[in-house]
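Here is what each chain is made of, one letter per residue.
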Amino acid sequence: MPHEDWWRFVPANERPRRRFKAWRLRWKERLGQRSVGIAVAFLSYGLILLWLLFNLPPVVALLALAPMVLLPLLGYLTYWLMWKEFHE
């Protein structure tokens, strides 16, 4: 790879630190992307739901899940009503 040629000019004692910094910057860039943020949000939402379902009694789990399930629906309903109000 062409970018690998640059590393031979970096002193050997600085290579691990610079490689770590480059790795960290690449991950920071990836995590800053909108699609990755959305995927992480959905994944964490799903993990929380699964944890609640498996670790709490069913009635308590349903009570705990209600706001998590109803809040996105309420947000979408609000968005849709506002859109209709201003576009129709």
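Residues numbered from 1 in each chain as written. Predicted model: local features only at pLDDT ≥ 70, side-chain atom pairs only at ≥ 80, totals over all residues. Heavy atoms only, no water.

Honestly, the overall build of the chain in this entry has me stumped. Any pointers?
The helix and strand tally for the chain stands at 3 helices and 0 strands. If you list the helices and strands of the chain from N to C, you get α-α-α. Along the first, second and third principal axes, the C-alpha set of the chain runs to 60 × 45 × 20 Å. Split by element, the accessible area of the chain, about 8200 Å² in all, is 71% carbon and sulfur. Computed over 12 positive and 6 negative side-chain charges, the inter-centroid distance for the chain is 11 Å. (Helix = DSSP H or I, 4+ residues; strand = E, 2+ residues; numbered from the N terminus. Areas by Shrake-Rupley, 256 points an atom, 1.4 Å probe, with all protein chains shown as cover. Lys, Arg positive; Asp, Glu negative; His and termini not counted. Charge placed at Lys NZ, Arg CZ, Asp CG, Glu CD.)

Any chance you could explain the pattern of salt bridges here in plain terms?
Between side chains of opposite charge, a pair can form when the charged atoms approach closely. Per the stated rule, a full pass over the model turns up 3 salt bridges. Between Glu14 and Arg17 there is a salt bridge whose closest N-O contact spans 3.6 Å. A relative accessible area of 24% means that Glu14 is categorised as partly exposed. With relative accessibility at 53%, the residue Arg17 sits in the exposed group. (Salt bridge = Lys/Arg side-chain N within 4 Å of Asp/Glu carboxyl O. Buried < 20%, exposed > 50% of the residue type's maximum accessible area, 1.4 Å probe, protein only.)

Looking at this structure, how should I read a nonpolar patch on the surface?
A contiguous nonpolar patch, built from Leu71, Leu74, Tyr76, Leu77, Tyr79, Trp80, Leu81 and Trp83 and spanning about 900 Å² of accessible area, is present on the exposed surface. What makes Tyr76 exposed here is its relative accessible area of 56%. (Patch = residues over 30% accessible without salt bridge, like charges linked within 9 Å, V, L, I, M, F, W, Y side chains within 5 Å.)

Looking at this structure, how should I read the packing of aromatic side chains?
To describe a pair of aromatic rings, you give the distance between the ring centres and the angle between the ring planes. Applying the stated criterion across every chain, the model contains 1 aromatic pair. Arg30 extends its terminal NZ or CZ atom over the ring of Trp27, reaching a point 4.9 Å from the ring centre. (Phe/Tyr/Trp six-rings, centres within 6.5 Å; stacked < 30°, edge-to-face > 60°. Lys NZ or Arg CZ within 6 Å of the ring centre and 35° of its normal.)

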